[in-house]
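An overview of the molecular structure
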Amino acid sequence: MATTWAEIVTRAKARVDMSQSSFVEADEWLEYARDSYRKLHSILSSSFQDYYNKPSDPLTVASDGTVDVPTDFQKLHAADIKNGSEWIPLKGRTQAERSNGGRRSAFIRVFRSIGYRLMADKVYFYPAESASGQVVRLWYTPQPEKLPNTAGNVPRDME
């Protein structure tokens, strides 16, 4: 049987001998439950990354070589680029690797692969001229959903 958030709050009140007390209001208990839920989600998603990993919808790289991260984005794991009907994994690159690209010989620059780097709320693909207009998908850990109230159930994977 699924555990409800109301049961979690009731257990927390009992643990601190506040079952009959109104010193902490219901909205505060909900915030405590939200904070604990986010912390548990963070611990579980760090320990079991593959389980919480999800692909984004296909995204088209802008002319400046960037795509915005999804609105529920928490952590980036990988990026793929579409080639026909196949998804090809890309290699994450550091800023130094990106900057050194211009110092290589012309022969190497022609055959260099597209790399990516997360900065703030955008993923930068470079060289931008090669990535522009390409379709990519991001593999990421989403943020936990916000608890609207204590009426719902604890997600099954967090029981």
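Located above this text is the structure these notes cover.
Residues numbered from 1 in each chain as written. Predicted model: local features only at pLDDT ≥ 70, side-chain atom pairs only at ≥ 80, totals over all residues. Heavy atoms only, no water.

**Description of the nonpolar core**
What counts here: The term nonpolar core refers to a set of buried residues drawn from Ala, Val, Leu, Ile, Met, Phe, Trp, Tyr and Cys, joined through side-chain atoms within 4.5 Å. Exposure classes here rest on a 1.4 Å probe applied to the protein chains alone. A residue is buried below 20% of its type maximum, exposed above 50%, and partly exposed in between. Secondary structure follows DSSP: runs of H or I at least 4 residues long count as helices, runs of E at least 2 residues long count as strands, and numbering of each begins at the N terminus. Pairs of residues are marked as contacts when any of their non-hydrogen atoms sit within 4.5 Å.
Counting 16 residues, the largest nonpolar core has Val67, Tyr116, Val123, Phe125 and Leu138 as its most contacted members. Counting only elements with at least two residues in this core, the list comes to β4 (73–83), β8 (122–126) and β9 (135–142). Apart from residues lying up to four places away in sequence, phenylalanine 125 is in contact with Val61, Gly65, Val67, Ala79, Leu90, Ile114, Gly115, Tyr116, Ala131, Val136 and Leu138.

**Quick word on the packing of aromatic side chains**
Selection criterion: Working definition: a ring pair exists when centres of Phe, Tyr or Trp rings (six-membered ring for Trp) sit within 6.5 Å. Plane angles under 30 degrees give stacked, over 60 give edge-to-face, the rest tilted.
Scanning all chains against the criterion turns up five aromatic pairs. On the basis of an interplanar angle of 85 degrees and a centroid distance of 5.7 Å, the ring pair of tryptophan 29 and tyrosine 32 is categorised as edge-to-face. Highlighted residues: tryptophan 29 and tyrosine 32, both in helix α2 (residues 26–47), separated by three residues, approximately one helical turn. Here tyrosine 32 falls in the partly exposed class, since its relative accessible area comes to 42%.

**Brief notes about the sheet that holds strand β6 (residues 91–92)**
This is how the line gets drawn: When DSSP finds at least two bridges between two strands, those strands are taken to pair.
On the basis of which strands lie adjacent, the open sheet formed by four strands has the order β3-β8-β7-β6 and mixed pairing. This sheet does not close on itself; its edge strands, each paired only once, are β3 (66–68) and β6. Two strands pair when backbone bridges link them, and strand β7 (residues 115–119) and β8 are joined in this way by five bridges, in the antiparallel orientation. Looking at the pairing, glycine 115 lines up with tyrosine 126 of β8.

**Some points on the pattern of salt bridges**
Under the convention used in this document: For salt bridges, the criterion is a side-chain nitrogen of Lys or Arg within 4 Å of an Asp or Glu carboxyl oxygen.
Throughout the structure, instances matching the rule amount to five salt bridges. Lysine 54 is paired through a salt bridge with aspartate 72; the nearest N and O atoms lie 3.3 Å apart. Of this pair, lysine 54 sits in strand β1 (residues 54–55) while aspartate 72 sits in the loop between β3 and β4, placing them 18 residues apart in sequence. Exposure remark for aspartate 72: the relative accessible area of 24% places this residue in the partly exposed category. Aspartate 80 serves as the salt-bridge partner of arginine 137, at 2.9 Å between the closest nitrogen and oxygen. On the criterion of sequence distance, the pair formed by arginine 137 in strand β9 and aspartate 80 in strand β4 is long-range, its members being 57 residues apart. This pair shows no difference in class: arginine 137 is buried, exactly as aspartate 80 is.

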